[in-house]
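Secondary and tertiary structure notes
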Amino acid sequence: MSKKIVDITTLDLAHTTDGKISVVHIERPYGEHSSPVVSVGISVSGEDQEWKVHIPYENLDDLINALNLARRVNEGLPHELPHTMDLGADIGGGQ
């Protein structure tokens, strides 16, 4: 039996005009006896996924904790304000 992919959700990728984050469940990702994974893919400008990661479900809780820690670290650092108004501009801004 081949791998089975179940779409979970698709999100808009911040700071792009048409980027997407896709989250899918994959049964048998590496062959008949492999354990399921959650896959997170990033695509920009309607192209095929540019980045993708497969995460075993056994690592999911630790990964979520690490992502929340990354958010807290990010919130503690100074940042320039995003220039979202420029995303559709011919120059500067986003994609």
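The structure we're discussing is the one just above.
Residues numbered from 1 in each chain as written. Predicted model: local features only at pLDDT ≥ 70, side-chain atom pairs only at ≥ 80, totals over all residues. Heavy atoms only, no water.

1. Quick notes on the overall build of the protein chain
The number of helices and strands found in the protein chain is one helix and four strands. Element order for the protein chain, N to C, with α for helix and β for strand: β-β-β-β-α. Within the protein chain, the proportion of its 95 residues that are buried is 22%. Within the protein chain, contacts between residues at least 6 apart in sequence are counted, and of these 23% link residues at least 24 apart. (Helix = DSSP H or I, 4+ residues; strand = E, 2+ residues; numbered from the N terminus. Buried < 20%, exposed > 50% of the residue type's maximum accessible area, 1.4 Å probe, protein only. Contact = heavy atoms within 4.5 Å.)

2. Some details on the sheet that holds strand S3 (residues 37-43)
Strand order in the open sheet formed by four strands is S1-S2-S3-S4, and the pairing between neighbours is antiparallel. The strands lining the two open edges of the sheet, one partner per strand, are strand S1 (4-12) and strand S4 (51-56). Between one strand and the next, the sheet's axes are offset by a mean angle of 20 degrees, whatever the strand orientation. One ladder, built from six bridges, connects S3 with S4; its direction is antiparallel. Paired with Val38 across the bridge in S4 is Ile55. (Pairing = 2+ DSSP bridges. Axes fitted to C-alpha atoms, helices over the stretch in contact; angles between N-to-C directions.)

3. Considerations on the side chain of Arg28
Among the secondary structure elements, Arg28 is positioned in the loop between strand S2 (20-27) and S3. For the buried Arg28, no salt bridge is present, and the opposite-charge side chain at shortest range is Glu27, 4.2 Å distant. Within the structure, Arg28 has its side chain in polar contact with the backbone oxygen of Ser2 (distance 2.9 Å). Setting aside residues up to four positions removed in sequence, Arg28 forms contacts with Met1, Ser2, Lys3, Lys4 and Ser34. (Lys, Arg positive; Asp, Glu negative; His and termini not counted. Salt bridge = Lys/Arg side-chain N within 4 Å of Asp/Glu carboxyl O. Polar contact = N/O pair within 3.5 Å; in protein donor to acceptor, adjacent residues only side chain to side chain.)

4. Focus on a nonpolar patch on the surface
Together, Leu69, Val73 and Leu77 give the surface a local cluster of nonpolar side chains, amounting to about 270 Å² of exposed area. Its location among the elements puts Leu77 in the segment after helix H1 (60-75). A relative accessible area of 48% places Leu77 in the partly exposed class. (Patch = residues over 30% accessible without salt bridge, like charges linked within 9 Å, V, L, I, M, F, W, Y side chains within 5 Å. Areas by Shrake-Rupley, 256 points an atom, 1.4 Å probe, with all protein chains shown as cover.)

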